[in-house]
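Survey of secondary and tertiary structure
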Amino acid sequence: MKYPRKIAIGFQEGTCPLHCKKCFAFGENAKKQKNIAKMPYDRALWLISEIAQMEQIPSIQPHIFTEPFANDDLQKIIQACVDRNICMSIITNGILLHKEWLDFLIHKLDRRYTLSFSLDAVTQQTYEKVRGNYELKELEKKVRYLICNRGDCGPRVGVNFSVEEENYTETEDFLGKWKGKVDAIRINTAFDQGKKIPVRFRKKRDDRPGTCGYLEEVMVIDTDGQVRVCQFDAFGDTMLGNVFEEGIVNVWNGEKISEVRRRQSNDELNHNDFCYGCEITEMTKFRTCETENYIMKEADHSLYYNYKEVIG
């Protein structure tokens, strides 16, 4: 029996105060408009309860393509996960996080929970180009508030940087700014709408077929319970089963997703398949190494710095 390492659940989708150009759901090259949809809280609680009873309990990411703190049920969802001892990984643009939210996160969560801020810039000018109209310094203050006030409580705090044409010259400055100041740093290449690596950032690829880390480890459940092939399917074009009808574990081990995994691994996809030609798998072939201060996971187009010491 296979179990996902993480489940990304679209408790609410289609709501975000930023429309970043690179975003698969809201960007300028998105293939259609993203509709607002929300999972009823009783169904959300049913999913959380089922996850809590799994033999191997995955972490929950409470969003797919949306800003999670736009969901007015998120506090209840977080509390339900805490009550059932389910870890969470939350990625946010940080704009909707006010002091009351920050204090809630500090007092409710511990280091098994992760809060990552997508910043993508060091300067205000670059931030506005790659993300939108908001003060970068205000977001940085929120990161520091969490670090400085959490003590022995509070979540792990990370910052993210997606490398693209408008910001790649700030990559090293971003690392220098946040190293030793937060628990984790993620650097990855921003892929285009065709799920390709932009030419400027392309590295020599291993063209041999291989498994995709997303297909093998990360389950994606839409607001209506439909399971998508991966979280880059922004509009639910792939449907591999419905968890409200079949159950989470049954879909994850079902014939549809198993067939996708087999064909992807054996390089048997055709041009009609969502995964055909996708280069995002280059983000999932990790090598792990360790330095004095960091445990690092590195792939050709993704790099994670996990700080070993206690910060704050």
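Because the structure is predicted, anything quoted here is derived from the model rather than measured.

A separate point is the overall build of the chain. Per the secondary structure count, the chain includes ten helices and 13 strands. In summary, the chain has a C-alpha radius of gyration of 19 Å against a globular reference of 20 Å for 312 residues, a match within 12%. In terms of overall dimensions, the chain has a C-alpha envelope of 50 × 45 × 40 Å along the principal axes. Taking all 312 residues of the chain together, the buried fraction comes to 54%. Working note: accessible area of the chain is about 14700 Å², and carbon and sulfur atoms make up 46% of it. In the chain, the 45 positive side-chain charges and the 48 negative ones have mean positions that sit 2 Å from each other.

Of all the six residues making up strand S8 (residues 184-189), five are buried; the element is thus mostly covered by neighbouring parts of the structure. The pairing of strand S7 (residues 156-163) with S8 spans six bridges and is classified as parallel. The partner of Ser 162 across the bridge, within S8, is Asn 188. Since S7 and S8 lie parallel, the crossover through helix H6 (residues 171-178) that links them has a hand, and here it is right-handed. Relative to strand S13 (residues 302-307), S8 runs antiparallel, the two being bridged by five bridges. Counterpart to Asn 188 in the pairing with S13 is Ser 302.

What follows covers the environment of Ala 8. Position of Ala 8 among the secondary structure elements: in strand S1 (residues 6-9). Through-space distance from the C-alpha of Ala 8 to that of Leu 303 is 21 Å; in sequence the pair is 295 residues apart. Setting aside its immediate chain neighbours within four residues, Ala 8 contacts Gln 61, His 63, Ile 64, Met 219, Val 220, Ile 221 and Gln 231.

For His 301, the position within the fold is in the loop between strand S12 (294-299) and S13. In this structure His 301 comes out as buried when scored by relative accessible area, which is 3%. Ignoring sequence-local partners within four residues, the contact set of His 301 consists of Ile 187, Asn 188, Thr 189, Phe 191, Ile 197, Phe 201, Arg 202, Lys 203, Glu 282 and Met 283.

Looking now at the pattern of salt bridges. One pass over the full model with this rule turns up 20 salt bridges. The partner of Lys 177 in a salt bridge is Glu 140, with the nearest N and O atoms 2.6 Å apart. Taken together, the positions of Lys 177 in helix H6 and Glu 140 in helix H5 (residues 136-149) put the pair 37 residues apart, joining distant regions of the chain. Using a relative accessible area of 24% as the deciding quantity, one classes Lys 177 as partly exposed. A salt bridge links Lys 308 to Glu 290; the nearest nitrogen and oxygen atoms lie 2.8 Å apart. Linking Lys 308 in the segment after S13 with Glu 290 in strand S11 (residues 287-290), this pair joins segments that are 18 residues apart in sequence. Judged by its relative accessible area of 35%, Lys 308 is partly exposed. Because the salt bridges share partners, they merge into one network encompassing Lys 22, Asp 120, Arg 131 and Glu 164.

Turning our eyes to something else, we now look at the sheet that holds strand S4 (residues 59-61). Strand order in the open sheet formed by four strands is S4-S1-S9-S10, and the pairing between neighbours is mixed. In this open sheet, the two strands that pair with only one neighbour each are S4 and strand S10 (227-228). With four bridges connecting them, S1 and strand S9 (residues 218-221) associate as parallel partners. Bridge pairing in S9 places Lys 6 opposite Val 218. Contacts from helix H1 (residues 41-52) reach S1, S4 and S9 within the one sheet, and its direction differs from that of S1 by about 175°.

Moving on to the sheet that holds S13. Working definition: the strands of a sheet are paired by backbone hydrogen bonds and lie parallel or antiparallel to each other. In space, the seven strands of this open sheet follow the order S5-S6-S7-S8-S13-S12-S11, with mixed pairing throughout. Every other strand in the sheet has two partners, leaving strand S5 (89-92) and S11 as the edge strands with one partner each. Geometrically, the sheet is characterised by an average inter-axis angle of 20° between neighbouring strands, direction not taken into account. Where S12 lies against S13, six bridges are found, and the strand directions are antiparallel. Among the inter-strand pairings, Glu 298 is bridged to a residue of S13, identified as Leu 303.

Turning our attention to H1. When the terminal C-alpha atoms of H1 are compared, their 16 Å separation across twelve residues agrees well with the 16 Å that a helix rising 1.5 Å per residue should span. Those residues of H1 lying buried are Ala 44, Leu 47, Ile 48, Glu 50 and Ile 51. The arc that holds every buried residue of H1, seen down its axis, measures 160°, which confines them to one face. Lining the buried residues of H1 we find S1, S4, helix H2 (74-83), S9, helix H8 (243-246) and helix H9 (248-252).

Procedures and definitions
- Residues numbered from 1 in each chain as written.
- Predicted model: local features only at pLDDT ≥ 70, side-chain atom pairs only at ≥ 80, totals over all residues.
- Heavy atoms only, no water.
- Helix = DSSP H or I, 4+ residues; strand = E, 2+ residues; numbered from the N terminus.
- Rg over C-alpha atoms; globule rule 2.2 N^0.38 Å.
- Buried < 20%, exposed > 50% of the residue type's maximum accessible area, 1.4 Å probe, protein only.
- Areas by Shrake-Rupley, 256 points an atom, 1.4 Å probe, with all protein chains shown as cover.
- Lys, Arg positive; Asp, Glu negative; His and termini not counted.
- Charge placed at Lys NZ, Arg CZ, Asp CG, Glu CD.
- Pairing = 2+ DSSP bridges.
- Right-handed = clockwise from strand over helix to strand, strands pointing away.
- Contact = heavy atoms within 4.5 Å.
- Salt bridge = Lys/Arg side-chain N within 4 Å of Asp/Glu carboxyl O.
- Axes fitted to C-alpha atoms, helices over the stretch in contact; angles between N-to-C directions.
- Expected span 1.5 Å × (residues − 1).
- Arc of directions from axis to C-beta.

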